[in-house]
Amino acid sequence: MTFSRPRRILAAVALGAVAAGAVVAQQGGVAAVDGSGSFEVNGVRVDVAGPSADAARTAGWRIAQRRGWQMLSQRLTGQARSLPDGTLDSLVTGIVVESEQIGPKRYIARLGVLFNRGRAASILGIAGVSERSPAMLVVPLIWDGGTGTVFERATPWQAAWARFRTGGSVMDYVRPSGTGADGLLLNAGQVTRRGRGWWRTVLNQYGASDVLIPQVRLYRQWPGGPVIGTFTAGYGPDNRLLGSFSLRVEQGDAVPALLDEGVRRIDALYQQALRTGQLRPDTVLAAPPPGTPVAPVEELVLDPATLDPAATPPPGAVAESVTVSVQADTPTAAAVESTEAALRGVPGVRSAATSSLALGGVSVLRVTFDGDAAILAAALEARGWQVQQADGVLRIRRRAPATPPPASAPGE
């Protein structure tokens, strides 16, 4: 019996076309993002004999559909259910060949089955049950040969995230294709930038609430030999670590399988962090960008000129402290120090410290104030600042000095 070399392909829609394997669409060498959202069942093993190789393969795929549906229903409802082959043909959107051996009259394979998410959920009675996370922008960073790359060029790590099917995940991933302006906006240098102002601009371009930074470092023992991948799951502009792990393959040509498994495990880390409350979008990123008009609010605003910092509050009137995020332009280190000193000089401010430094951009300062944020904003305006307020975040700028009128010419 002659067997073919195991390989991984994505077959065309189910049993209608039993070809040698469909080709995954690509654009300019960049893998197309799988946005189908299908339910996926992996590791379905079949061993079928038939009158010919094609007949054995067709029978194996049909058996995989049946077993895959039982595994999916067991996973989602706790009961292994069955369906007629005609119904399964309308539910299955693809067969993933993880490995296969084809003989003249025998077919042995390990397969994955993709089911239409909407139809399968309707049949199983779970439509609309699962909750999704806020939209998260994925910035896949790979370190290979000492060089960090995101979308500057096509990488196997970006291709692995493009292949990943998110139908079984609660994470709402925003996965750029790597074309157009992606290579300029999302690169290895952007990962190290913490300025919320620039990140907000980038996230608005992709319609996301926050950013996820999955990283992998590849260590090759020798050309074509074992490869070790160290994976880390980070999130937010500060690239906070949620977890890490390492995987190993014995041959260099198995790197795509290594990265596929790494994506699956990192997705599990993100889902676990979302369930435990560790993965929360940054409130500063949700604030409107500078220059956005703030809707007026009808409330009593005290005149800062009438406030006496030395006045003693009446008995029973205790001022509650609030923590406010203040965004300020910091072109130099001296500007950071002067802004902190100016904030500490406002009556009622207990502390003012920089929580996110961005020299040449917009830094974020954490200010503790005895009173309401509106009073702090009014006090800053009285000291010559331009203030915009929204959801506990203040955006301050130095007010430009008034331009003197032009001097009159003699005789006018």
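Here's what I pulled together on the structure shown here.

Within the chain one finds nine helices and 18 strands. A total of 412 residues make up the chain; the buried ones form 42% of that total. Restricting the contact set of the chain to residue pairs at least 6 apart, pairs at least 24 apart contribute 66%. Just so you have it, the chain exposes about 21400 Å², and 54% of that area is on carbon and sulfur atoms.

What follows concerns the packing of helix α1 (residues 53-77) against helix α3 (residues 117-124). The N-to-C vectors of α1 and α3 enclose an angle of 65 degrees; their axes lie 11 Å apart at closest approach. Between α1 and α3 the crossing geometry is right-handed. For the pair formed by α1 and α3, the contact residues are Trp-69, Leu-72, Ser-73, Leu-76 and Thr-77 on the first element and Ala-120, Ile-123 and Leu-124 on the second. Here the residues of the contact of α1 with α3 are counted per class, giving six nonpolar, two polar and no charged.

This part covers the sheet that holds strand β17 (residues 385-390). If you trace the five strands from one edge of the open sheet to the other, you get β15-β16-β14-β18-β17, paired in mixed fashion. The open sheet has two free edges, formed respectively by β15 (349-356) and β17, since each of these has just one partner strand. For this sheet, the mean angle separating the axes of adjacent strands, direction not counted, is 25 degrees. The sheet strands contacting helix α9 (residues 373-382) are β14 (321-330), β15, β16 (361-370), β17 and β18 (393-398), and the helix crosses β17 at an angle near 160 degrees.

The next thing to look at is the nonpolar core. Core analysis: the largest hydrophobic core is formed by 28 residues, its most contacted members being Trp-157, Phe-231, Tyr-270 and Leu-279. Elements supplying a minimum of two residues to this core: β7 (135-138), α4 (156-163), β11 (210-220), β12 (227-235), β13 (240-249) and α7 (255-276). The element best represented in this core is α7, accounting for seven residues. Counting residues in hydrophobic clusters, the runner-up holds 23 residues, among them Val-48, Ala-56, Leu-88 and Ile-95.

Let's shift gears to unusual backbone geometry. At Asn-239, a position not held by glycine, the phi torsion is positive, near 55 degrees. Looking at Asn-239, the relative accessible area reads 26%, which means it is partly exposed.

This part is about α7. In a regular helix each residue adds 1.5 Å, so 22 residues correspond to 32 Å; α7 covers 32 Å between its end C-alpha atoms and thus fits that length. Among all positions of α7, only Val-255, Leu-258, Leu-259, Asp-260, Gly-262, Val-263, Ile-266, Asp-267, Tyr-270, Gln-271 and Ala-273 are buried. Buried positions along α7 lie against α4, β10 (172-174), β11, β12 and β13. One or two steps after α7, the chain reaches Gly-277, where phi turns positive at roughly 85 degrees.

Our next topic: the packing of aromatic side chains. When we look at a pair of aromatic rings, we describe it by the centre distance and by the angle of the planes. The full count for this structure, using the stated rule, is seven aromatic pairs. Residues Trp-157 and Trp-161 carry aromatic rings whose centres are separated by 6.0 Å and whose planes lie at 80 degrees to one another, so their mutual orientation is edge-to-face. Of this pair, Trp-157 and Trp-161 are both found in helix α4, four residues apart, which corresponds to roughly one turn of the helix. For the pair formed by Trp-157 and Trp-161, the shared burial category is buried. Centre to centre, the rings of Trp-157 and Phe-231 are 5.6 Å apart; their planes meet at 55 degrees, and the pair counts as tilted. Of this pair, Trp-157 sits in helix α4 while Phe-231 sits in strand β12, and the two are 74 residues apart along the sequence. Accessibility expressed as a relative area gives 0% for Trp-157, which makes it buried. Taken together, the aromatic side chains of Trp-157, Trp-161, Phe-164, Tyr-173, Phe-231 and Phe-245 make up a single cluster linked through ring pairs. The side chain of Arg-217 reaches across the aromatic face of Trp-143, ending 4.6 Å from its centre.

The rules we used
- Residues numbered from 1 in each chain as written.
- Predicted model: local features only at pLDDT ≥ 70, side-chain atom pairs only at ≥ 80, totals over all residues.
- Heavy atoms only, no water.
- Helix = DSSP H or I, 4+ residues; strand = E, 2+ residues; numbered from the N terminus.
- Buried < 20%, exposed > 50% of the residue type's maximum accessible area, 1.4 Å probe, protein only.
- Contact = heavy atoms within 4.5 Å.
- Areas by Shrake-Rupley, 256 points an atom, 1.4 Å probe, with all protein chains shown as cover.
- Axes fitted to C-alpha atoms, helices over the stretch in contact; angles between N-to-C directions.
- Left-handed = near helix turned anticlockwise from the far one by under 90°.
- Nonpolar A, V, L, I, M, F, W, Y, C, P; charged D, E, K, R; others polar.
- Pairing = 2+ DSSP bridges.
- Core = buried A, V, L, I, M, F, W, Y, C linked by side-chain atoms within 4.5 Å.
- Expected span 1.5 Å × (residues − 1).
- Phe/Tyr/Trp six-rings, centres within 6.5 Å; stacked < 30°, edge-to-face > 60°.
- Lys NZ or Arg CZ within 6 Å of the ring centre and 35° of its normal.

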